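Working through the structure, step by step
Chain by chain, the residues:
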Amino acid sequence: MAGEDSKEPGHPTGLGKHDTHAEILSTGEKNPSRNAGKPYSTITWADILRRAESPTAVPKDSAPWTMASTYSGCDARFADPQRERGSYALLPGDIDKGNASQAELEAALHRVLGPCEWLIYSSASATPEDRRWRYWVPLAEPLPPAEYQAAQEALLDLLRAEGITPDAKA
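Conventions used here
- Residues numbered from 1 in each chain as written.
- Predicted model: local features only at pLDDT ≥ 70, side-chain atom pairs only at ≥ 80, totals over all residues.
- Heavy atoms only, no water.
- Pairing = 2+ DSSP bridges.
- Helix = DSSP H or I, 4+ residues; strand = E, 2+ residues; numbered from the N terminus.
- Axes fitted to C-alpha atoms, helices over the stretch in contact; angles between N-to-C directions.
- Contact = heavy atoms within 4.5 Å.
- Phe/Tyr/Trp six-rings, centres within 6.5 Å; stacked < 30°, edge-to-face > 60°.
- Buried < 20%, exposed > 50% of the residue type's maximum accessible area, 1.4 Å probe, protein only.
- Core = buried A, V, L, I, M, F, W, Y, C linked by side-chain atoms within 4.5 Å.
- Expected span 1.5 Å × (residues − 1).
- Arc of directions from axis to C-beta.

**Side note on the sheet that holds strand S1 (residues 11-15)**
Taken together, 3 strands build an open sheet; the order of strands is S2-S1-S3 and the sheet is antiparallel. Edge positions in the sheet fall to strand S2 (41-43) and strand S3 (64-66), since each has one partner strand and no second. Averaged over all pairs of adjacent strands, the angle between strand axes in this sheet comes to 40°, irrespective of strand direction. Across 3 bridges, S1 lies against S3 in antiparallel orientation. The residue of S3 that forms the bridge with Gly14 is Trp65.

**Thoughts on the sheet that holds strand S4 (residues 88-95)**
With antiparallel pairing, the 3 strands of this open sheet are ordered in space as S4-S6-S5. Bordering the open sheet on either side are S4 and strand S5 (119-122), each of which pairs with just one other strand. Between one strand axis and the next, the sheet turns through 20° on average, direction left out of account. Bridging between S5 and strand S6 (residues 133-143) involves 4 bridges; their strand directions are antiparallel. Across the sheet, residue Leu119 finds its bridge partner in S6, namely Trp136. Running over the sheet, helix H4 (residues 145-161) touches S4 and S6 and is turned about 35° from S4.

**Some thoughts on the packing of aromatic side chains**
Here the structure, examined in full by the defined rule, presents 2 aromatic pairs. Ring geometry for Tyr40 and Trp65: centres 5.5 Å apart, planes at 70°, overall edge-to-face. Taken together, the residues span a long stretch of sequence, with Tyr40 in the loop between S1 and S2 and Trp65 in strand S3 at a distance of 25 residues. The exposure classification of Tyr40 matches that of Trp65, with both residues buried.

**Let's talk about the nonpolar core**
Of all hydrophobic cores here, the largest spans 25 residues; its most connected members are Leu105, Tyr135, Leu155, Leu159 and Ile164. The set of elements that each furnish at least two residues to this core consists of helix H1 (45-53), S4, helix H3 (102-113), S5, S6 and H4. By residue number, the principal contributor to this core is S6, which donates 5 residues. Filtering out sequence-adjacent residues up to four positions away, Leu155 remains in contact with Leu91, Leu109, Val112, Leu113 and Tyr135. If you look at the next biggest cluster of nonpolar residues, it comprises 5 residues, including Tyr40, Met67, Tyr71 and Ala76.

**So, H4**
Compared with the 24 Å implied by 1.5 Å per residue over 17 residues, the 24 Å span of H4 between its first and last C-alpha is a close match. Pro145, Tyr148, Gln152, Leu155, Leu156 and Leu159 are the residues of H4 that are buried. For H4, the arc enclosing every buried residue in end-on projection is 95°, short of the 170-degree limit, so these residues lie on one face. Pointing more than 90 degrees away from the buried face of H4 are the exposed residues Ala146 and Ala161. Its buried side turned inward, H4 meets helix H2 (79-85), S4, H3 and S6. Gly163 lies just past H4 and shows a positive phi near 90°.

Put into structure tokens, the structure is as follows:
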């Protein structure tokens, strides 16, 4: 989805938890997919915002996914290649506990980050009695993996201090 002439970084995207372009699967077997060895399609922040305007309701196994990194090679879904070649332009987060309202999450993000852009949406498994949220915060400049990890951990700690209970891994 990311345009060739776009200055905005593209993020790997795919469909479903089994969508892998790796040449060799984690089982050690050769990947039979026609996409094996090919880079992932990418999506920009603007694309993510457009997608959020018309959310889909599909089973998680076939749902669209996006990564915070801008590295989209065929091995992008593995941690080691991301640590070696990744660059992170988004801070993602999951809130599955604590039943915070969207207004409470927005207020907490505003207190810890100040005025900035973010996207918050409800997860498919949320109910009025058990609210669950996903958020993305675009960064002004992509961060290398070590700085990304530190920024992500700091944001999670700051949200916890605000009474929001983010999942440990986003």
